[in-house]
Amino acid sequence: MTTLSHGPSGSPGSHSSEEGDLVAGPAAPPPPGVRVRDLVVVYKTPLGELPALGGVGLTVDPGTITGIVGESGSGKSTLALSLLNAVQPPGRIASGSVEIDGLGDVVRLDGDPLRRARGRHLGYVFQAAQNSLNPLKTIGKQLLDLGRSHGVADLAALVRDAKDLLGRMGLDGARVLDSHQHELSGGMRQRVGIMLALVLNARLVILDEPTTALDMITQATILRIIREIHKERGLTTLMITHDMGVAAEVTDHLAVMYGGQVVEHGRTTEVLGSPAHPYTQGLIRAIPRLSGDITKASALPGRPPTLGTLPKQGCVFQERCPVRMDVCATVAPPPVTTHGRTVACHATAAAPPLDGRKEQP
Amino acid sequence: MITGTGITKTYKQRGDVLGSREVRALRGVDFAVPRGGAVSFIGESGCGKTTLGRIIAGLETHDSGEIVIDGTPMTPLSPRRRRPYFRRIQLIHQDPYSALNPTRTIHQTLRAPLELRARQTGRPGSWIDQRAGELLSLVGIDPGYVLGRYPHQLSGGMRQRVVIARALTVDPEMLVADESVSMIDVSMRLSILALLKDLRERLGVSLLFITHDIATARYIGDAGELYVLYRGQVVERGLTESVIHEPVHPYTQALLSAIPVLHGLERPGRERVVPTEALDERHADEGCLFARRCPFRTERCEKELPVLAGCQDSSHEHACFHPQRRAVIPVEAVA
Amino acid sequence: ACGQVAAPAGPGGVYTTIDGAKQIDATAPINPFNPQGSTFVGYDAMSLAWPKNSLTDPNQFYPGIAQSWTTTPGQGEVVVHLRPDARWSDGKPVTSQDVRTSIGLAYTQGGSAYTVNAGAAGAAADIQVVDAKTIKVVQGANRSNTFLRNVLSTVVVPDHVYGKLLPAGFWATLTAARGTGPAADRAKAEITGLTQKVITFAPPQDVSAGPFVLERINPGAALLRRNPYFYDAAKIVPDKVKVLNYTGNEQIWNYLVSGKLDSAPFTAVPAAVMGRIKSAPGNAVRRGYSPVAASMAFNQAHKPYDNVHVRRALAYLIDRAQVTKIASPEAGTPSLTTTGIHGDSAKAWLGERLATLNPYKVDPAKADLELKAAGMVKRGGTWRMPDGKPWKVELHVPASFSDWVAAAKSITSQLNDHGIDANVTTSADYVLYLDELAAGKFDVGFWLMALGPSSYNIFQRLYGSANGWSLLAGRLSHSPPGKDGNWMGGPEKIDGIDPGELTNRLNLATPQEQKNIVGTLATVTNQQLPVIQIYDYVNTQFINTSRYTGWPPDGSEALRLPAGVWMQLGMIKKR
Amino acid sequence: MTPLPNQRAPKTRAVARRLGGHVVRGLVMIWVVTTISFVIIRNIPGNPVLGQYEKLIEKGMSPDEAQRATAALYGFLPTGTLWEQYTGYLKALLHLDLGQSISTPGTEVVTLLASAAKWTVLPVLGGTLLSFLLGVTLGVYAGIKRSGKLGDLLSISGSLLHGVPQYVIGLLMLAIFTTLWPILPPGGPVDVEYVPGLNAGYLASLVQHATLPVLTYALASYGGWVLAMKSSVATVLGDDFILAAELRGLTRGVLFRYIARNAILPLFTILALSLGMLFGGAIFIERIFNYPGLGLLLVNSIGARDYALMGGTFLVTTVAIIVANIAADLLYTVIDPRVRTGGAA
Amino acid sequence: MSVTVPQTELQPGLSGTRAALRRNFWRGVARVLRRKPSRMVGVAIVALFLLMAAFGPMLYPAHLPRDNNALYAPPSLAHPFGTDFEGTDVLALVVTGARYVILTGLVTAVITVAAGTLLGLLAGFHRGRWDTALMRLTDLQLTIPGLPLLLVLSTVWKFQGPLAMGLVLGLLGWGGIARAVRSQTLSLRERGFIEAARGLGLSTTHIIGRELLPSMAPYIAMNMLIAVTGAIYAQVGLFFLGVLPFDSNNWGVMLNLAVFGGGALTSAAALPYLLAPLLAILLLTLGIVLVVDAMDEIFNPRLREE
Ligand SMILES: Nc1ncnc2c1ncn2[C@@H]1O[C@H](COP(=O)(O)OP(=O)(O)OP(=O)(O)O)[C@@H](O)[C@H]1O
Ligand SMILES: Nc1ncnc2c1ncn2[C@@H]1O[C@H](COP(=O)(O)OP(=O)(O)OP(=O)(O)O)[C@@H](O)[C@H]1O
Ligand SMILES: [Mg+2]
Ligand SMILES: [Mg+2]
């Protein structure tokens, strides 16, 4: 692996692309936006069908990097898969819609159109250490499989693009294409995963925990690459993580999930700087930091929800909430959008608003 | 309570088609954990943290060097005689699921070591269940809820508490926590850290904290020492706050730079260091181990191996020919 | 039959059969001296003459390569006249020299007539070539009445193929071997040293004087084609003969049911299978005399079987008809008595006297009396040993003989009905069974007997080595029970007569003498019951008349001979 | 971490070293098994000559003829003390000489083995390959349609066929195809009427005779392949790369190949092993169909107390298993790229 | 700072008495069985055969009655599977013959599993020289061709009764389990809970008996069942070939007598005599297949609940 010639990375949005060669040309369509409406995904369990997503609403603006954070089991992966209409059995999308610009409602897609959308329009990047590559085939062969599956006529050009992409991420493209998965390190595999998600010019990229299995330094590198590629290719990027720090490092927007709900959504700096939902507040308080008063950090009480322990009605967070009210036990708080900031909490809604204006989503 | 000098460990990897390959996991590590103290080891993946932790907990033997527990050197003792010493040092595993036997209830899990303990100390059988309850309460869970359950019925945080309670059954003097919170949900992580901290304060057990997350090391051992390991070598060591705020070794600086910045709350450090190459086990063993990746390397670095030593403008020790303090950690953003 | 490709044969067709005496081994040499050799008696392996299945006279023969023979009274000299037109399959004539070489080779193998032990009964003393087609064989001083039979049974092989196996001075060596002293011993050793060479000799192809010659062999079958030089070629109808291999009787049944076999040798067949065989088109059964009987033999060295009353009691309890019905309904007849002789030939040997022997009809009352006489006690409906200990009749049979297993089951069931605890124990295989039997491990086991037509052979099974009598260098001696394979352990003398001695005498006796001795032995045997004769075998053979006709009729003396001999005798015709 | 083409040269050396180790261990194993089988075989009670004699009598031969036919066998019985026999046997073994058969006097054991091996290989290979192909194909289905009716049906029937012993299937086949509905020959390797060679009649007859044994093999082992493949497919389906491939929009055909290839890999090892095992396990089928392979040879050699032949058959079976083990091991290193270049990452 | 006890984790719990645990286990088993009706069928079949083995011979007189006038009688109401060559009811033979067969199977299974598990555990747990030696032994056991060896052994050794038979079959069959148990042990060894037990100073007996074995229980139980069937088939097969001496009735003997004595494959008369033991084997196989299907869930506390 060779060096990336950048110095210390700057603040979000401060990157400028020195090598503009991969920037989408003028003919390229604008990056797609995503509108998730009342998405309900249920898993079949011995206890019956339980909702992993309980009516999620989320709007992703075109061209942004949006982070989705939440604890284990909060439904992040399920949401990510729903965007590709790829919820695995025993789960299924029960209702709702996922509108993606240029594709329409993917929930309604199936068969060949769905398959074609995946890969071509929607790129998906898996967690690094889990093997998202066929162990028996070289990366190059898998690339060709991908090309053939999507009817790419000029396979040589595809290989060229792949090499360019890999080179852009600091890898020796020819060598990587000639390797098997096990011959690559975790960081390299992750970059290969990103390459495969982008090589067909997908404009919406979804990354599910892209750095969880990597060590600190590699993680930093991958995060920077994500940021840069996003910028250069003009993508709409969704990044799922359970690590608030990782999300904070790269994203413009941040959605916080809890128990199958998006409880807060807004600009990253704002959500972190002035969290509105008690869950977000607790989460941020629970992060030990390198600077400042360490004793200020404190744990969020209670334990993370699972499908079986979620309250049947009312607010999903009610059991752990420090500002619980009576209404929380019976009525699920609707998401309220104020100034591009969406929060679903009775307490916040009741309290003096962050800002004077209120608007319905 | 435990000190180690010149600990080395080399693994021979066998079963490979390519024949055996040596991995030098530890290359002469010195350390000391005082009674009631807290020491943290940090470092990249594969730098030997776990190996060292396991050696300290007596679960692994080292190749050379000496470990002294409460003044008694371990090398001359037979494995049998060593056991009581090492029983004072209990390891808390990283993965709280695999650390508990899935086929045994929490009650069974706790009972076994307590029975042993009761036999050793001549306590009555009734003490066992009572003690189990006490320990569970101590780690902050309701014995009534937890005792009859199987591990898979508990959340990660609860499981980790049970693991800690189990370690406490033998009244250890030291706990070795190897990445003990990395598999636990974000919202619960801190409560486990707090528990460990609390145990140290209340029971006076020493704490050896192994992590790759420096912020948690800071939380746990604010008054303790921090060791930075790189490829089996301690490259920097000192009081935790001092190493975090005034790192001198470029590797420490790189580690600290890699920590994601909480934009909105923090601003990135001005002098973030990015290593020039990824870690490769096959890098030459000649010269400074970090030289290949070091942006500040000189010719000397590629030839000579720097040793851990103090230096005049820093309060702690490091192994670097070109020590320089850099501001790499994020700083609190002004609200 | 079904699914088979049409046989690529001429107008005479392919005659399909089975050789019961051997398992086909395609790797074995084409050599009749090899026990597994790829030659087939009656087809491509010829002897001087073919034994008739006479009830009492072992010296009756159909001509083979020998057209005729004469013998002096007492069988001192046998003169054999060969067929003038006998030729080998390569066109060369069959001469006295061939016979002489064959006899020479037979010497290397040992055998009753051709043994280097000069003193042995029935050994040949001299072989003289009278002319190209006549040969004389002279018997030694110690005469046996089976000498003619042994000479005529000589398998004849071509001198121009096998002659080189005999070293130059062979006949001189043979003469020397008949003497005594170290020189004779050396000569003997030299001859026996040839044994292996002869057995393992593998001629490149078959040279046959018989009606057929081997064309091809594979592990499943051998194919023989007609030998154009055969002296009676005109009588031979089939163009080819196919000899199928088999590893178990059930395979023969299958072949028979599918109507594939033109003839099959004796095979034990369950009743139901017999039905299916008979219903296949063209299949028919030929029955004849088979000089074999199955019996239940006692080890008289074991209590309580040393007591004749116990043996008699058991004889009174076994319903032989029922046993036969279950075990061998098609190929057996219940034995009338325990004379030691097959029922059919017993009539011929004993005549009127047969009727005077106790048939041991089923009679539980008599059995009880006998048991009481033996001191056995009945308690709780079960008979026990005189000392009150439990008595269990363990009846041993080899597992591979299904009719014996069934018979033994039936016998034990009957004994159980009468309060005698009995059960069947099998041995894994026949070889093991014989070994354990000989080692005296069994109380009661099944035993083949009544091996006629030679009267000596008949009683040798009862009063031979299994009962302690053995012939060593022409002298009879008796070993005590448990020694030298004496597992029957009967007394050496019964009522003043020595049955072993009498049996041995049968070898040398004149026909009249034989009749007397047989009478005595039959009576003694029937009284003493060293065995209980259960059923006499019936030679049940199968033929298929849809391709050929002219089969030997029921009871024919040729029935036990291979179909190749029937063809030589002009029996098999094209349908 | 980075691909290391330069490591491929030492790789062949490493494989050679590995093979060398295997061979040495295999030889030691052969020696041990030979010794054990020698001791057991020489302790089998029963006298081959007496046995042969009584068998001929039972077949209806006259005692004199039977005597003549068996007397010769005495010359082929092993002589000397057990130790002498043993060292002699080992010495001969070193020269690949397995001695002479007793029951077919004068024939080399090697000749008998070679002629029988031919007939074992045919149905074993045919049957195993047939069942492998069938089982693997249906196993993929059973694995993919795990929770459906078809999957249940395939796996239950697979388990059942896998569970039922060979001889049950063999007996049923024989009853059906030669008795109830006689369309196939009941036994034997090939009709002797045809001249061996590449002529239609011979080949047809060969196929006809091999059909039942091959089918029985195939049926008896089919279940095992279905089950193995099914569980292998289930494992692979759980792997992320399959979901990843699906999410990249790969066609069903490519996906199917990904699943099948990855799932079949561990089965090749089992295949190699089972081929080795079948050399010794053909006994029932060969006995039932009178097929003159090694299994039948062994049964017959035991019946005849042919010590040399028994030892030889045993040895061949053992060697087959050992060779199969080595082959399986090496095969794995060849077909699995993960092992091929050593797990570097 | 005090330990924070999250309130929500405190729920009224059950007391961990052993009886309750056991009750839970059986309730879990019942639940697992109820989940698929086929499993109930499997259990019923296996139970039927076990009962047959235990009490079958008591249902009939010591010497089974025979009917001299009904040899190989066709199936009828009185004789559902007809009669044998002696006129004995075939069903009675199957029922009384089950004990021998199943007893052998059980003995074999116990020996196979005990020896295999013990050796596998020893090798995996002690590693080093022990391991090498034991694994060589295992290789040897796996290399020696079993059926041929049995054929040879059956002539050397009189397998008197099911116990001796089971012993021999067991000694020829432990290799596979030993190898598998060893590799399981090796992998479990690395699991945290075994390491923790060692770190706590718990005895080796405890670690092996309480920690390792229960984790392998489903695997061992499954192997046990497979060993039972394997032994039954091997034994019946040997009887069928006729290489085993027998002194009492059992399924294999029935097969042998039906095929080689009764010509069941040649004529239909003895066919029921052949089919009855074959059906018994098929049924038993089916039962065991169905039970094995449930085994994993029964022993895995995670799958058992809900
Ligand atoms: N195959 C499944 N069967 C049953 N429930 C499932 C399945 N997959 C996921 N779930 C449940 O759905 C919920 C959401 O799962 P999901 O994987 O989306 O969470 P996540 O936020 O990605 O968690 P993690 O951080 O652990 O990856 C969880 O409660 C989980 O238990
Ligand atoms: N049992 C073993 N056999 C061979 N090599 C080993 C073994 N255990 C560890 N190693 C090697 O020793 C080195 C140090 O490993 P160790 O587990 O101590 O690192 P670590 O710092 O704990 O890493 P991580 O952060 O990934 O847990 C690594 O290169 C590892 O591959
Ligand atoms: Mg997830
Ligand atoms: Mg570690």
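Residues numbered from 1 in each chain as written. Chains lettered and ligands numbered in written order. Predicted model: local features only at pLDDT ≥ 70, side-chain atom pairs only at ≥ 80, totals over all residues. Heavy atoms only, no water.

## With respect to the arrangement of the chains
Counted only if it meets this: Here, two residues are considered to be in contact whenever any of their heavy atoms come within 4.5 Å of each other.
Between all eight pairs of chains that are in contact, chains C and D come out with the most contacts. Taking C-alpha atoms only, the smallest gap left between chain A and chain C, which are not in contact, amounts to 46 Å. In this structure chain B stays clear of chain C, and the shortest span between their C-alpha atoms is 46 Å.

## Focus: the UniProt feature "domain: ABC transmembrane type-1" (unreviewed entry) in chain E
Short version of the rule: UniProt positions are given in the numbering used here, feature names are shortened, and annotations may be inferred rather than shown by experiment. The helix count covers DSSP runs of H or I at least four residues long, the strand count covers runs of E at least two residues long, and both are numbered beginning at the N terminus.
Per the UniProt entry, the sites bearing "domain: ABC transmembrane type-1" (unreviewed entry) are residues 98-292 of chain E in this numbering. Annotated as 83% helix and 0% strand, the span residues 98-292 of chain E places its first and last C-alpha atoms 21 Å apart.

## Describing the environment of Leu 559 of chain C
Residue and element names in this part refer to chain C. Mapped onto the fold, Leu 559 is located in the loop between strand E24 (548-549) and helix H19 (563-568). Sequence-wise, Leu 559 and Gly 288 are 271 residues apart; in three dimensions their C-alpha atoms are separated by 6.5 Å. Apart from residues no more than four positions distant in its own chain, Leu 559 is found in contact with Arg 286, Arg 287, Gly 288, Asn 539, Gln 541, Pro 552, Pro 553 and Trp 566.

## Description of unusual backbone geometry
This is how it is decided: Residue burial is assigned from relative accessible area. The probe radius is 1.4 Å, only protein chains are included, and a residue is buried under 20% of its type maximum, exposed over 50%, and partly exposed in between.
For the peptide bond that leads from Pro 89 of chain A to Pro 90 of chain A, omega is 10°, which places it in the cis range. For Pro 90 of chain A, the location among the structural elements is in the loop between helix H1 (76-82) and strand E4 (91-100). Omega for the bond connecting Lys 303 of chain C with Pro 304 of chain C falls within 30 degrees of zero, at 0°, which places this linkage in the cis form. Examined against the element boundaries, Pro 304 of chain C turns out to sit in the loop between strand E14 (283-298) and helix H9 (308-317). Not every positive phi belongs to a glycine, and Leu 96 of chain D is a case in point at roughly 60°. Relative to the helices and strands, Leu 96 of chain D resides in the loop between helix H4 (82-94) and helix H5 (109-144). Under the relative-accessibility criterion, Leu 96 of chain D is labelled exposed at 71%. With phi around 50°, Asn 290 of chain D is a residue other than glycine that occupies positive phi space. Mapped onto the elements of the fold, Asn 290 of chain D is located in the loop between helix H11 (283-289) and helix H12 (294-303). Taking relative accessible area as the criterion, Asn 290 of chain D reaches 3% and is therefore assigned buried.

## Overview of the pairing of E14 of chain C
Residues and elements named next belong to chain C. Note the threshold: Strand pairing requires that DSSP identify at least two bridges connecting the strands.
With 14 of 16 residues buried, E14 lies mostly within the body of the structure. Relative to strand E23 (residues 531-544), E14 runs antiparallel, the two being bridged by 12 bridges. Bridging across to E23, Ala 284 finds its partner in Ile 543. Here E14 runs beside strand E20 (residues 444-449); their pairing, made up of six bridges, is antiparallel. Bridging across to E20, Ser 295 finds its partner in Trp 447.

## Overview of the packing of helix H10 (residues 320-327) of chain C against helix H14 (residues 402-417) of chain C
The relative placement of two packed helices comes down to the angle between their axes together with the axis-to-axis distance. Residue and element names in this part refer to chain C. How we decide: Between the N-to-C directions of two axes lies an angle of 0 to 180 degrees, each axis being a line fitted to C-alpha atoms and, for a helix, fitted only over the stretch in contact. Crossing handedness: left-handed means the near helix sits turned counterclockwise from the far one by under a right angle, and right-handed means the same turn made clockwise. Note on residue categories: nonpolar means Ala, Val, Leu, Ile, Met, Phe, Trp, Tyr, Cys or Pro, charged means Asp, Glu, Lys or Arg, and polar means any other residue, Gly included.
Contact geometry of H10 with H14 gives a least axis separation of 8 Å together with a crossing angle of 145°. The chirality of how H10 crosses H14 is right-handed. Packed against H10, whose contacting residues are Gln 322, Val 323, Ile 326 and Ala 327, the element H14 presents Asp 403, Ala 406, Ala 407, Ser 410, Ile 411 and Gln 414 at the interface. A per-class count over the contact of H10 with H14 returns six nonpolar, three polar and one charged.

## Quick word on the interface of chain D and chain A
How big an interface is tends to be stated in terms of the accessible area lost upon association of its parts. This is how the line gets drawn: By convention, the term buried area covers the 1.4 Å-probe accessible surface removed from two parts as they join, with the contributions of both added. The salt bridge definition used is simple: a Lys or Arg side-chain nitrogen within 4 Å of an Asp or Glu carboxyl oxygen. Any pair of N or O atoms that falls within 3.5 Å is considered a polar contact. Within protein, one atom must be able to donate a hydrogen and the other to accept it, and sequence-neighbouring residues count only if both atoms are side-chain atoms.
Every contact between the two is made by 27 residues of chain D and, on the other side, 33 residues of chain A. Between chain D and chain A, the buried area comes to about 2800 Å², and carbon and sulfur atoms account for 60% of it. Taken together, the connections running from chain D to chain A amount to one salt bridge. A salt bridge links Glu 246 of chain D to Arg 118 of chain A; the nearest nitrogen and oxygen atoms lie 3.6 Å apart. Counting across the chain D and chain A interface gives seven residue pairs in polar contact (both at pLDDT 80 or more). Of all the elements, helix H9 (residues 240-247) of chain D adds the most residues to the side of chain D that touches chain A, at six residues. Classifying every residue of the side of chain D that touches chain A gives 14 nonpolar, six polar and seven charged.

## Notes on the site of ligand 2
Residues and elements named next belong to chain B. What counts, and what does not: Residues are labelled near a given molecule or strand when at least one of their non-hydrogen atoms is within 4 Å of it. Where accessible areas are quoted, they stem from the Shrake-Rupley method and a 1.4 Å probe; at the residue level, only the protein chains shown are allowed to cover.
Surveying the vicinity of ligand 2 reveals 14 residues, the closest of which are Ser 45, Gly 46, Lys 49, Thr 50 and Thr 51. The contact in question runs from an oxygen atom of ligand 2 to an N or O atom on the side chain of Ser 45, over 2.7 Å. Residue Gly 48 places a main-chain N or O atom 3.0 Å away from an oxygen atom belonging to ligand 2. Alone, ligand 2 offers 630 Å² of accessible surface; in the complex the protein occludes 67% of this. Going through the elements one at a time, strand E1 (2-13), strand E2 (21-33) and helix H1 (49-56) are the ones with two or more residues in the shell around ligand 2. Of the residues forming the shell around ligand 2, the biggest block, three residues, is contributed by H1. Partitioned by chemical class, the residues of the shell around ligand 2 number four nonpolar, six polar and four charged.

## Describing the sheet that holds strand E5 (residues 66-71) of chain C
Residues and elements named next belong to chain C. With respect to topology, four strands assemble into an open sheet ordered E5-E6-E8-E7, the strand pairing being antiparallel. Each of the sheet's edge strands pairs with one partner strand only, and the pair in question is E5 and strand E7 (124-131). Taking each pair of neighbouring strands and ignoring which way they run, the sheet shows an average axis angle of 20°. Of the pairings in the sheet, the one linking E5 to strand E6 (residues 77-82) comprises five bridges and is antiparallel in character. Pairing of Thr 71 across the sheet is with Val 78, part of E6.

## Points about the interface of chain C and chain D
Counting residues at the interface gives 60 residues for chain C and 58 residues for chain D. Together chain C and chain D conceal approximately 4900 Å² of surface at their shared face, both sides included; 54% is due to carbon and sulfur atoms. In this structure, Glu 54 of chain D and Arg 461 of chain C form a salt bridge, with 2.8 Å as the shortest nitrogen-oxygen distance. There are 15 residue pairs in polar contact (both at pLDDT 80 or more) connecting chain C and chain D. Broken down by secondary-structure element, the contributors of at least two residues to the side of chain C that touches chain D are helix H2 (147-152), helix H6 (195-200), strand E10 (212-218), strand E11 (221-226), helix H7 (249-257), helix H15 (430-438), E20 and helix H16 (455-463) of chain C. The element that contributes the greatest number of residues to the side of chain C that touches chain D is H15 of chain C, accounting for five residues. Of the residues that constitute the side of chain C that touches chain D, the class distribution is 26 nonpolar, 23 polar and 11 charged.

## Side note on the pattern of salt bridges
Tallied over the full model, the rule gives 59 salt bridges over all chains. Residue Lys 137 of chain A is joined to Asp 145 of chain A by a salt bridge in which the shortest nitrogen-to-oxygen separation is 2.8 Å. Assessed through its relative accessible area of 3%, Asp 145 of chain A is described here as buried. The salt bridge involving Arg 300 of chain B is made with Glu 304 of chain B; its shortest N-O contact spans 3.4 Å. Taking relative accessible area as the criterion, Glu 304 of chain B reaches 40% and is therefore assigned partly exposed. Here the salt bridges share partners, and the residues they tie into one network are Arg 168, Arg 224, Glu 228 and Glu 232 of chain A.

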